[in-house]
Amino acid sequence: MPQRRYLYQGRILNLAIEDEKFEIIEHKDAVCVVAEQDGKILFVRQYRPAVGSDTLEIPAGLIEDGEDPIEAARRELAEETQLTGDFSYLNSFYVSPGFCDEKLHVFRARDLRPASGTPDDDEDITVEWHDPREVLEGARAGRVQISASAMAGILFHLSAYAADQ
């Protein structure tokens, strides 16, 4: 049985050494929402200290203790954008399984309508609608920094669009 020694235990992550050779981050699971309307995706722009830059992301956040992923997705979309909609589950994946156990659950939201949500105190978010192809091109050219969740959202949107044609 593997042995883990904890170097740090925090609010959203733990840092451990397994069998004295593997550095592992235990991280709460998260959700993200591909909110679609008129061929565009809803993005949120915010400054991320870890990368020292603004990033373009899709609404996302951690799953709270005892919360189902769909509940977290609804809450995060409302908190970050003041919207809700009809949700469907798309997929889930490990963000970086080489060193982290965080799993990201991806949802689609359509038929958007106003909702009430309380933004987190530490978030300064700008809500923006973009053509996903333009965002992907901007990321390829280095004009915009995107997150893994934004990349997943763009690819899901484009694959669904292709399937609908």
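Note: the structure precedes this text.
As a starting point, this report considers the structure included with it. Starting afresh in each chain, residues are numbered from 1 along the sequence in its written order. The model is predicted, so local features are restricted to residues of pLDDT at least 70 and side-chain atom pairs to those at 80 or more, both for listing and for counting; the totals for chains, interfaces and linings are taken over all residues. Excluded from the side-chain calculation are hydrogens and water; included are all heavy atoms of the structure.

## Focus: helix 2 (residues 132–140)
Then step 1. Only protein chains enter the accessibility calculation, which uses a 1.4 Å probe; a residue whose area is less than 20% of its type maximum is buried, one above 50% is exposed, and one in between is partly exposed. For the purposes of this entry, the term helix denotes a DSSP run of H or I that reaches at least four residues, the term strand denotes a run of E that reaches at least two, and both are numbered from the N terminus. Every buried residue of helix 2 is accounted for by Pro132, Val135, Leu136 and Gly138. The buried residues of helix 2 occupy an angular sector of 160° when projected down its axis, which confines them to one face. Along helix 2, the residues that are exposed and aim more than 90 degrees away from the buried face are Glu134 and Arg140.
Then step 2. Nitrogen and oxygen atoms within 3.5 Å of one another constitute a polar contact, given that in protein one can donate a hydrogen and the other can accept it, and given that sequence-neighbouring residues count only through two side-chain atoms. Capping of helix 2 at its N-terminal end is provided by aspartate 131; its side-chain oxygen lies 2.7 Å from the backbone amide nitrogen of arginine 133.
Then step 3. Positive phi shows up at glycine 142, right after helix 2, with a value of about 80°. The arc under discussion is defined with respect to the helix axis, by the directions toward the C-beta atoms.

## Observations regarding the pattern of salt bridges
Then step 1. Only one rule defines a salt bridge in this text: a Lys or Arg side-chain nitrogen within 4 Å of an Asp or Glu carboxyl oxygen. Within the structure shown, the criterion is met by 13 salt bridges.
Then step 2. Residue glutamate 64 pairs with lysine 28 through a salt bridge whose shortest N-O separation is 3.9 Å. In this pair, glutamate 64 sits in the loop between strand 7 (60–62) and helix 1 (69–81) while lysine 28 sits in the loop between strand 3 (22–27) and strand 4 (30–37), placing the two residues 36 residues apart along the sequence.
Then step 3. Using a relative accessible area of 39% as the deciding quantity, one classes glutamate 64 as partly exposed.
Then step 4. For arginine 75, the salt bridge is made with glutamate 79, and the minimal N-O distance between the two is 3.4 Å. On the criterion of helical spacing, the pair formed by arginine 75 and glutamate 79 is a turn pair, its members being four residues apart in helix 1.
Then step 5. By sharing partners, the salt bridges in this structure join Glu67, Arg75, Glu76 and Glu79 into a single network.

## Let's talk about the sheet that holds strand 1 (residues 4–9)
Then step 1. Strands are labelled as partners when DSSP assigns at least two bridges between them. Reading across the sheet, the three strands line up as 1-2-3 and stay open at both edges, with antiparallel pairing between neighbours. The open sheet terminates on both sides in strands that have one partner only, identified here as strand 1 and strand 3. Averaged over all pairs of adjacent strands, the angle between their axes in this sheet comes to 25°, without regard to strand direction.
Then step 2. For strand 2 (residues 13–18) and strand 3, the ladder comprises six bridges, and the chain directions are antiparallel. Only C-alpha atoms enter the line fits that serve as axes; for helices the fit covers just the stretch in contact. Angles between N-to-C directions range over 0 to 180 degrees.

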